[in-house]
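What follows is the residue order along each chain.
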Amino acid sequence: MRRAAAVRPAGARTAPTGRTAPVRHAALGLLAAALLAGCGTGTPGAAPEASATPATAAPSGGTAAPDPSRSPAGRTPEGTLLVADFGADTVTFVDPGPDGSGRGGAPIASVKAGTAPYGLVVGEDGRAWVATAEGVAVVDTRQRTRLALIPYATESGPVTTGEYRGGGMGIAMAPDGGHVYVGVNVPGGDGSVEVIDTATREVTGTARVGMRPFDVDVSPDGREVYATDHDSFDVTAVDADTLATRRMEVAPYGTEGGLGSWLKPHYAVVRPSDGALLLPFEGERLAVLDPRTGRVSIERMTANTHQHGAALTPDGTLLVVGTGPIGPDDEEPSLTVRAPDGTERIVPLDGPHEDVAVSKDGRTAYVTGGFTRDGHWNGITVVDLDDEKSEPVRLAAGNRPLGISVL
């Protein structure tokens, strides 16, 4: 049953500030370790593959066939959405409808990228860099063609699909567009951040980071790269020039449970005003990491649901994707819209979601339905950030879409 959207102050519910997990999490730890895929053990192959029939169908009743007639031949309109199809070997271009509202929108075209694409980033030149299991695909988004597939320097095992596959996960670009940084998962061990020169399309350096680098971000000045290491409860800061590393623990619930815990960091955003990393946990706690000191402060959150993707709007509003309940006391999937002053609006979502991107004008959020665990659906939920009374719009898009960017 859908809940009405509500505005709640961040302090409306008391979130513990110590390092011991609350009772509801501790009591369910063993059960969750057995059931969870994306946030449970890091053992390759331990997670079941996604169901062929999504728990919540896309508006078209499955994977919608692209309609090239929606776009002029050879050019991709500004504002088009690009999603990484984790359930296929492609990226899909999606028309978001009039004014980006999602209404009447549909996929335009799909382009081969590589096995199980995860994250993606798009440069000012219109080239997309897509982290796949076998390498980083370079896609010309204007002409909708793949230009290259850059193999990893890191040995990550056989090329496979599924949640625990090796290969690229989080990916980010330097502010000047000269380099791309991709987090490479090595099943059962520490991962790496690989540096790609965007001019030569070659890997020019590698830095060892923690386990399963879910997300990669870059400091506003481009001097440091941050890998959010899901299975090792930390963030690794990588010096962009020397590739020297520093590991900083981010575990507001502690590290008890190890690989079997779901109380781990997933995605982060870098706050431009001070360079702090914002990492949401469980719709209860926002970990604010000062990368200069490694110190973590905790702010309260109110969605009370397991959380993954995050993004910032131009005015500093934080968007966080609530994937849905882990325990019996958790709330349903949602999008948290958190103003810079800490007040939060919780927008209910229909079914699990994974990541989020924001329109250039900051007025619309696009939330992917792919999800790293079972229960995904082949679409995007479009949320009007200005009109609190509007209902989210469901838009067919790709095949288990995870990473997303607005072109």
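See the structure shown above.
Within each chain, residue numbers correspond to sequence positions counted from 1 in written order. Local features in this predicted model are restricted to residues of pLDDT 70 or higher, and side-chain atom pairs are both shown and tallied only at a pLDDT of 80 or more, whereas totals for entire chains, interfaces and linings draw on every residue. Excluded from the side-chain calculations are hydrogens and water; all other atoms, namely the structure's heavy atoms, are used.

### So, the pattern of salt bridges
Here comes step 1: By definition here, a salt bridge exists when the distance from a side-chain nitrogen of Lys or Arg to a carboxyl oxygen of Asp or Glu is within 4 Å. Summed over all chains, the structure comprises 14 salt bridges.
Here comes step 2: A salt bridge links R271 to D274; the shortest N-O distance between them is 2.8 Å.
Here comes step 3: Under the scheme applied here, a residue whose accessible area is under 20% of the maximum for its type counts as buried, over 50% as exposed, and between as partly exposed, the area being computed with a 1.4 Å probe on protein chains only. Residue class for R271 comes out partly exposed when judged on its relative accessible area of 26%.
Here comes step 4: A salt bridge links R292 to D290, with the nearest nitrogen and oxygen atoms 3.1 Å apart.
Here comes step 5: In this structure, a network of salt bridges that share partners links the residues D190, R208, D234 and R247.

### Considering the packing of aromatic side chains
Here comes step 1: The criterion for an aromatic pair is that two Phe, Tyr or Trp rings (for Trp, the six-membered ring) have centres within 6.5 Å, with stacked assigned to planes under 30 degrees apart, edge-to-face to planes over 60 apart and tilted to the rest. Applying the stated criterion to the full structure yields 4 aromatic pairs.
Here comes step 2: Ring centres of F86 and Y118 lie 6.2 Å apart, and the angle between their planes is 80 degrees; this geometry places the pair in the edge-to-face category. Remark: Y118 occurs in the loop between β4 (106-112) and β5 (120-122) and F86 occurs in the loop between β2 (81-85) and β3 (90-95); sequence separation between them is 32 residues.
Here comes step 3: By relative accessible area, F86 is classed as buried at 6%. The way it works is that DSSP assigns letters per residue, a run of H or I at least four long becomes a helix, a run of E at least two long becomes a strand, and they are numbered from the N terminus.

### Regarding the environment of V406
Here comes step 1: The residue V406 is located in strand β29 (residues 401-406) in this model.
Here comes step 2: Each C-alpha atom of the pair V406 and A357 lies 6.9 Å from the other, and the pair is 49 residues apart in sequence.
Here comes step 3: Throughout, a contact is declared for two residues whenever any of their heavy atoms are within 4.5 Å. V406 has contacts with G79, T80, L81, A357, V358, S359, K360 and Y366, leaving out every residue within four places of it along the chain.

### Here we look at the sheet that holds strand β12 (residues 202-208)
Here comes step 1: Strands are labelled as partners when DSSP assigns at least two bridges between them. What the 4 strands build is an open sheet, ordered β9-β10-β11-β12; its pairing is antiparallel. The sheet terminates laterally at β9 (167-173) and β12, the two strands that pair on one side only. Averaged over all neighbouring strand pairs, the angle between strand axes comes to 25 degrees, with direction disregarded.
Here comes step 2: As defined by bridge partners, strand β10 (residues 179-185) adjoins strand β11 (residues 192-197) across 6 bridges and the pair is classed as antiparallel. Within β11, the residue paired with V184 across the bridge is S192. Under this scheme, a helix contributes an axis fitted over its contacting stretch, all axes are lines through C-alpha atoms, and angles between N-to-C directions fall in the 0 to 180 degree range.

### Considerations on the pairing of β3
Here comes step 1: With 6 of its 6 residues buried, β3 lies for the most part within the structure.
Here comes step 2: Neither face of β3 is open: one carries T90, T92 and V94, the other V91, F93 and D95, and all of them are buried.
Here comes step 3: Adjacent in sequence and paired antiparallel, β2 and β3 are bridged by 4 residues.
Here comes step 4: Bridging between β3 and β4 involves 6 bridges; their strand directions are antiparallel. Within the sheet, the bridge partner assigned to D95 lies in β4 and is A106.

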